[in-house]
Amino acid sequence: MQVYEEALRECGLDYYLVGGYAFYAQQEIFDVLNLLRAVASTADEVSLAGVLRGPFFALADETLFWLHEAAGSLNAGLLAKKTPPELSTDEASRVAAAAATIFHLRAIKDRVPIAALLTAALDRTGYDAVLLGEFLGERKLANLHKLLERARVADQGGAIDLDGFITQLSQFISREPKESLAATLPEAANVIRLMTIHHAKGLEFPFVVVPDLDRQPMLRAP
């Protein structure tokens, strides 16, 4: 299904995925995981690079390079008192904002619930507004809100802390359990609907495309 989703996105055509189970494979989920990992551990340079380069802070690749060169590590460079002289004024301002946000989130991570930590990150970065401006932004924003609700449920249960939530989310991303995307459109909306033949049973449409009829079946050895 991913092949068709990508093609529709490239053409700017909205669609509704009936029975989709790719919630934990969405980029916005990866973005949040990178943020939480970077906040939880100063040693996780890979996640820090991911969140700095991603939509949360949108720093340039060259900026990450100069931050690392200036202090020997990305984390040290980010939190240094002075930004590297190679950075432009605008990029230096972005670095300062990112550093202040990461520093603040690390300072409160052990004192506030997980959902409150994520809400604070959204308030300081406007990440949710960035998602809304992207293609299929409403669905991405709905996925973000769904993940926030999962964090609230985890907080209410009191069974896991931030590290536990990060571990659980990482396992879900790795295993990709059947978890549907957040719904933003009613199934009857006037958009392209992607579904299996099984889901289409008993339904009628003005136009139907049945792809991959020439694909060889995946036969398993007995």
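You'll find the structure just up there.
Keep in mind the model is a prediction, meaning the values are calculated, not measured.

## Brief notes about the overall build of the protein
Looking only at helices and strands, the protein features eleven helices and two strands. For the protein, the N- to C-terminal ordering of α and β elements is α-β-α-α-α-α-α-α-α-α-α-β-α. Its C-alpha atoms put the protein at 65 × 40 × 40 Å along the principal axes. The buried share of the protein, reckoned over its 222 residues, is 37%.

## Things to note about helix α9 (residues 137–157)
Counted at 1.5 Å a residue, the expected span for α9 with its 21 residues is 30 Å, and the 30 Å between its end C-alpha atoms agrees. In the stretch just after α9, Gly-158 is the one whose phi turns positive, near 70 degrees.

## Observations concerning unusual backbone geometry
Phi is mostly negative for residues that are not glycine, and the peptide bonds are mostly trans. Backbone geometry at Ala-58 places phi at a positive 55 degrees, although glycine is not the residue there. When you line up the elements, Ala-58 lands in the loop between α3 (45–53) and α4 (61–71). A positive phi angle is found at Asp-212, which is not glycine, with a value near 65 degrees. Relative to the assigned elements, Asp-212 resides in the segment after α11 (197–200).

## A short note on the side chain of Ser-170
Relative to the elements of secondary structure, Ser-170 occurs in helix α10 (residues 162–175). One polar contact links Ser-170 to Arg-37, side chain to side chain, over a distance of 2.8 Å. Beyond its immediate chain neighbours, meaning those up to four positions away, Ser-170 contacts Leu-33 and Arg-37.

## Digging into α10
Quick reminder: α-helices carry 3.6 residues per turn. Residues three or four places apart thus point the same way. Over its 14 residues, α10 runs 20 Å from end to end, which matches the ideal 20 Å to within 8%, given 1.5 Å per residue. For α10, every residue scored as buried is listed here: Leu-162, Phe-165, Ile-166, Leu-169, Ser-170 and Ile-173. Relative to the axis of α10, the buried residues are bounded by an arc of 135 degrees and lie together on one face. Within α10, the exposed residues directed more than 90 degrees away from the buried face are Ser-174 and Arg-175. Where the residues of α10 are buried, they touch α2 (27–40), α7 (114–125) and α9. Backbone nitrogen of Asp-163 and a side-chain oxygen of the N-cap are separated by 3.3 Å at the start of α10; the cap is Asp-161. Positive phi shows up at Glu-176, right after α10, with a value of about 50 degrees.

## A short note on the pattern of salt bridges
Under the counting rule described, the total for this entry stands at six salt bridges. A salt bridge links Arg-53 to Asp-61, with the nearest nitrogen and oxygen atoms 2.4 Å apart. Look at Arg-53 and you get partly exposed, because its relative accessible area is 40%. With its nearest N and O atoms 3.0 Å apart, the salt bridge here joins Arg-215 to Asp-212. According to the relative accessible area criterion, Arg-215 is exposed, its value standing at 58%.

## What about the environment of Arg-53?
Turning to its location among the elements, Arg-53 is positioned in helix α3. Taking C-alpha positions, Arg-53 is 9.9 Å from Asp-31, a pair spaced 22 residues apart along the chain. Those residues in contact with Arg-53 that lie beyond four places of it in its chain are Ala-58, Leu-59, Ala-60, Asp-61 and Leu-64. Polar contacts involving the side chain of Arg-53 include one to the main-chain carbonyl oxygen of Leu-59, which spans 3.3 Å.

## Things to note about a nonpolar patch on the surface
Together, Ile-197, Val-208, Val-210 and Leu-213 line one region of the surface with nonpolar side chains, adding up to about 440 Å² of accessible area. Along the chain, the position of Val-208 falls in the segment after α11.

## Observations concerning the packing of helix α6 (residues 89–108) against α7
Remark: α6 packs on α7, axes separated minimally by 10 Å, with the N-to-C direction vectors making an angle of 160 degrees. It follows from the interaxial angle that α6 and α7 lie roughly antiparallel. Pair α6 / α7 crosses with right-handed handedness. Along the contact surface, α6 presents Ala-100, Thr-101, His-104, Leu-105 and Ile-108, while α7 presents Leu-117, Ala-120, Ala-121, Arg-124 and Thr-125. Tallied by class, the residues present in the contact of α6 with α7 amount to six nonpolar, three polar and one charged.

Calculation rules
- Sequence order as written defines the numbering, with residues in each chain counted from 1.
- Since the coordinates come from a predicted model, pLDDT governs what is reported: local features require at least 70, and pairs of side-chain atoms require 80 or more to be given and counted, while whole-chain, interface and lining totals use all residues.
- Excluding hydrogens and water, the side-chain values take into account all heavy atoms of the structure.
- The helix and strand labels rest on DSSP assignments: H or I over at least four residues marks a helix, E over at least two residues marks a strand, and numbering proceeds from the N terminus.
- For every residue, the accessible area obtained with a 1.4 Å probe (protein chains only) is divided by the maximum for its type, and the residue is called buried under 20%, exposed over 50%, and partly exposed between those limits.
- For a helix, the expected span equals 1.5 Å multiplied by the residue count minus one.
- Two N or O atoms form a polar contact when they lie within 3.5 Å of each other; inside protein one atom must be a possible hydrogen donor and the other a possible acceptor, and for residues adjacent in sequence the pair counts only when both atoms belong to side chains.
- Here a residue-residue contact requires only that any non-hydrogen atoms of the pair lie within 4.5 Å.
- Here the arc refers to the set of directions running from the helix axis out to each C-beta atom.
- Any Lys or Arg side-chain nitrogen found within 4 Å of a carboxyl oxygen on Asp or Glu counts as a salt bridge.
- Like charges within 9 Å and nonpolar side chains (Val, Leu, Ile, Met, Phe, Trp, Tyr) within 5 Å are joined into patches, using only residues over 30% in relative accessible area that form no salt bridge.
- Methods summary: accessible areas were calculated by the Shrake-Rupley approach with a probe of 1.4 Å, and residue burial reflects only the protein chains presented.
- Only the contacting stretch of a helix is used when fitting its axis, a line to C-alpha atoms as for every element, and angles between N-to-C directions run 0 to 180 degrees.
- Angle categories: roughly parallel below 35 degrees, roughly antiparallel above 145, roughly perpendicular from 65 to 115, and oblique for all the rest.
- Two helices crossing with the near one rotated counterclockwise from the far one by less than a right angle form a left-handed crossing, whereas a clockwise rotation gives a right-handed crossing.
- When residue character is reported, Ala, Val, Leu, Ile, Met, Phe, Trp, Tyr, Cys and Pro are called nonpolar, Asp, Glu, Lys and Arg charged, and the others, Gly included, polar.

By themselves these figures say nothing about function.
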